[in-house]
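Read off the chains here:
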Amino acid sequence: MNLTINNLTINGEKQRSSAETLSALVEGLGMKSDRVAIELNREIVPREQWSKTALHDGDRLEIVHFVGGGSSDQRRRKGGGKIGGGTEALFRAL
């Protein structure tokens, strides 16, 4: 068996990976696929295409991971507005 190692750029950082597809890369990075968006060589790849999308030496990826969270802090601003409180969601580049 011939193991191929690709030189990839992920979120601006050079990395080496033996993953053959986007699905394998996401799994190898320990990410939950339902919380990730991927741009490969400046094109967004739909999640349903990840298992069919091969990685090649020199590919450039931007991976964005959805992170959910929130605050139970119900501090109030002047005028009665709320700060915090409720569920906040943001995207964090990995």
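Everything discussed here concerns the structure shown above.
Just so it is clear, the model here is predicted, and its values are computed rather than measured.

Colleague: Which parts of the structure should I look at to understand the nonpolar core?
Modeller: Nonpolar side chains tend toward joint burial in soluble globular proteins. Counting 15 residues, the largest nonpolar core has Leu-22, Leu-25, Ile-38, Trp-50, Leu-55, Leu-61 and Ile-63 as the members making the most contacts within it. Put simply, the parts of the chain that give this core at least two residues each are strand 1 (6-10), helix 1 (22-28), strand 3 (36-40) and strand 5 (60-70).

Colleague: Any chance you could explain the pairing of strand 3 here in plain terms?
Modeller: Every other side chain in a regular strand lies on the same face of the sheet, so the side chains alternate between the two faces. With burial as the criterion, only one face of strand 3 is covered, namely that bearing Val-36, Ile-38 and Leu-40; the residues Ala-37 and Glu-39 on the opposite face remain uncovered. In the sheet, strand 3 pairs with strand 4 (residues 43-45) via three bridges, with the strands oriented antiparallel. Counted as the bridge partner of Glu-39 is Ile-44 from strand 4. Once strand 3 ends, the chain turns through two residues before running back antiparallel as strand 4, passing Asn-41 with a positive phi of about 50 degrees.

Colleague: Got a minute to help me understand the pairing of strand 1 in this structure?
Modeller: Most of strand 1 is tucked away: four of the five residues are buried. Judged from the five bridges that link them, strand 1 and strand 2 (residues 13-17) form a sheet pairing that is antiparallel. The partner of Asn-6 across the bridge, within strand 2, is Ser-17. As consecutive antiparallel partners, strand 1 and strand 2 are separated by two residues, and within that stretch Asn-11 has a phi angle of approximately 50 degrees, a positive value.

Colleague: It is not clear to me how the environment of Asp-57 should be interpreted in this structure. Could you clarify?
Modeller: Of note, Asp-57 is situated in the loop between strand 4 and strand 5. Distance from Asp-57 to Leu-8, taken between C-alpha atoms, is 6.3 Å for residues 49 residues apart in sequence. With sequence-adjacent residues up to four places away left out, Asp-57 is seen in contact with Ile-5, Asn-6 and Asn-7.

Colleague: Teacher, can you tell me more about unusual backbone geometry here?
Modeller: A positive phi is found at Asn-11, a non-glycine position, where the angle reads about 50 degrees. Tracing the chain through its elements places Asn-11 in the loop between strand 1 and strand 2. Notably, Asn-41 is not glycine yet its phi reads approximately 50 degrees, a positive angle. Within the secondary structure, Asn-41 sits in the loop between strand 3 and strand 4. Its relative accessible area of 37% is what places Asn-41 among the partly exposed residues.

Calculation rules
- Residues numbered from 1 in each chain as written.
- Predicted model: local features only at pLDDT ≥ 70, side-chain atom pairs only at ≥ 80, totals over all residues.
- Heavy atoms only, no water.
- Core = buried A, V, L, I, M, F, W, Y, C linked by side-chain atoms within 4.5 Å.
- Buried < 20%, exposed > 50% of the residue type's maximum accessible area, 1.4 Å probe, protein only.
- Helix = DSSP H or I, 4+ residues; strand = E, 2+ residues; numbered from the N terminus.
- Pairing = 2+ DSSP bridges.
- Contact = heavy atoms within 4.5 Å.

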